[in-house]
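# Breakdown of the fold
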Amino acid sequence: MKFSDAVIGAVLFVLSILLMLHVSIGWDWLVHNGFTGFPRAAPGKPGPALFPFTLGILTFVCGAVLLVRGLRARGQWLELQPWLTDTGRLVNWLAVVAAIVAYQWLSEVVGFLPVAIVTLFLLMLLLRVRVPLALVTAVLAALFIHTLFVKFLLVPLPWGVLEPIAW
């Protein structure tokens, strides 16, 4: 699918307004007992709202430019791409989405390593990689990613069933 610049600009425009409202006044105006904006900083000092609000302003400008450009072009709002009719590509895309959802559901119980190895292995089989190569690559890639995140980036990944042998 290919959306016109007007559609993407309108979405960015609306999201930027919502971001700036969230940062400045929070959602208390919409949902009672909710978030009440970012904490205020002392006058003359940057606070926690500075970066998100600046990002909101920049996104607002980009969205407005895309919206105006898209409206001037007067093209199609939505153009379907050929890959949507190719079942092989569509199945591959759906498999990646299913792998992400499966990881979210299974990683806490089963653990990162088993889920990552099985997911990578199945995705490579779907892409017609030879079984021995897919298995070796899945194991090495999962171990590399796990080591990188846990040891170097200090991001805790769930051990799940491998908790007794956690290193």
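Let us look at the structure shown here. (Residues numbered from 1 in each chain as written. Predicted model: local features only at pLDDT ≥ 70, side-chain atom pairs only at ≥ 80, totals over all residues. Heavy atoms only, no water.)

### Thoughts on the packing of helix α1 (residues 5-24) against helix α2 (residues 50-73)
In plain terms, the rule: Orientation is described by axes fitted as lines to C-alpha atoms, over the contacting stretch for helices, and by angles from 0 to 180 degrees between their N-to-C directions. Labels follow the DSSP assignment, with helices taken as runs of H or I lasting at least four residues and strands as runs of E lasting at least two, numbered in each case from the N terminus. Orientation categories follow fixed angle ranges, with anything under 35 degrees roughly parallel, anything over 145 roughly antiparallel, 65 to 115 roughly perpendicular, and all other angles oblique. Less than a right angle of anticlockwise turn of the near helix away from the far helix marks a crossing as left-handed, whereas a clockwise turn marks it as right-handed. Residue polarity follows a fixed list, in which Ala, Val, Leu, Ile, Met, Phe, Trp, Tyr, Cys and Pro are nonpolar, Asp, Glu, Lys and Arg are charged, and the others, Gly among them, are polar.
Their axes nearest at 7 Å, the elements α1 and α2 cross at an angle of 155 degrees. Of the possible angle classes, the one that applies to α1 and α2 is roughly antiparallel. Of the two possible hands of crossing, α1 and α2 adopt the one that is left-handed. A per-class count over the contact of α1 with α2 returns 18 nonpolar, seven polar and two charged.

### Observations regarding the environment of F53
Put simply, the rule is: Note on definitions: a residue-residue contact is assigned when non-hydrogen atoms from the two residues lie within 4.5 Å.
Considering the arrangement of structural elements, one finds F53 in helix α2. The spatial distance from the C-alpha of F53 to the C-alpha of F149 is 30 Å, given a sequence separation of 96 residues. Here F53 is in contact with M20, V23 and S24, once residues within four sequence places are set aside.

### Observations concerning the pattern of salt bridges
Heads up, the rule is: Each reported salt bridge corresponds to a side-chain nitrogen of Lys or Arg within 4 Å of a carboxyl oxygen of Asp or Glu. Classification of residues uses two cut-offs on accessible area relative to the type maximum, computed with a 1.4 Å probe and protein chains only: under 20% is buried, over 50% is exposed, and between them is partly exposed.
The final tally for this structure, using the stated rule, is two salt bridges. The salt bridge partner of R69 is D5, with a shortest N-O separation of 3.8 Å. Of this pair, R69 sits in helix α2 while D5 sits in helix α1, and the two are 64 residues apart along the sequence. One salt bridge connects D86 with R89, and the closest N-O pair in it is separated by 3.5 Å. Residue D86 is classed as partly exposed on the basis of its relative accessible area, which comes to 33%.

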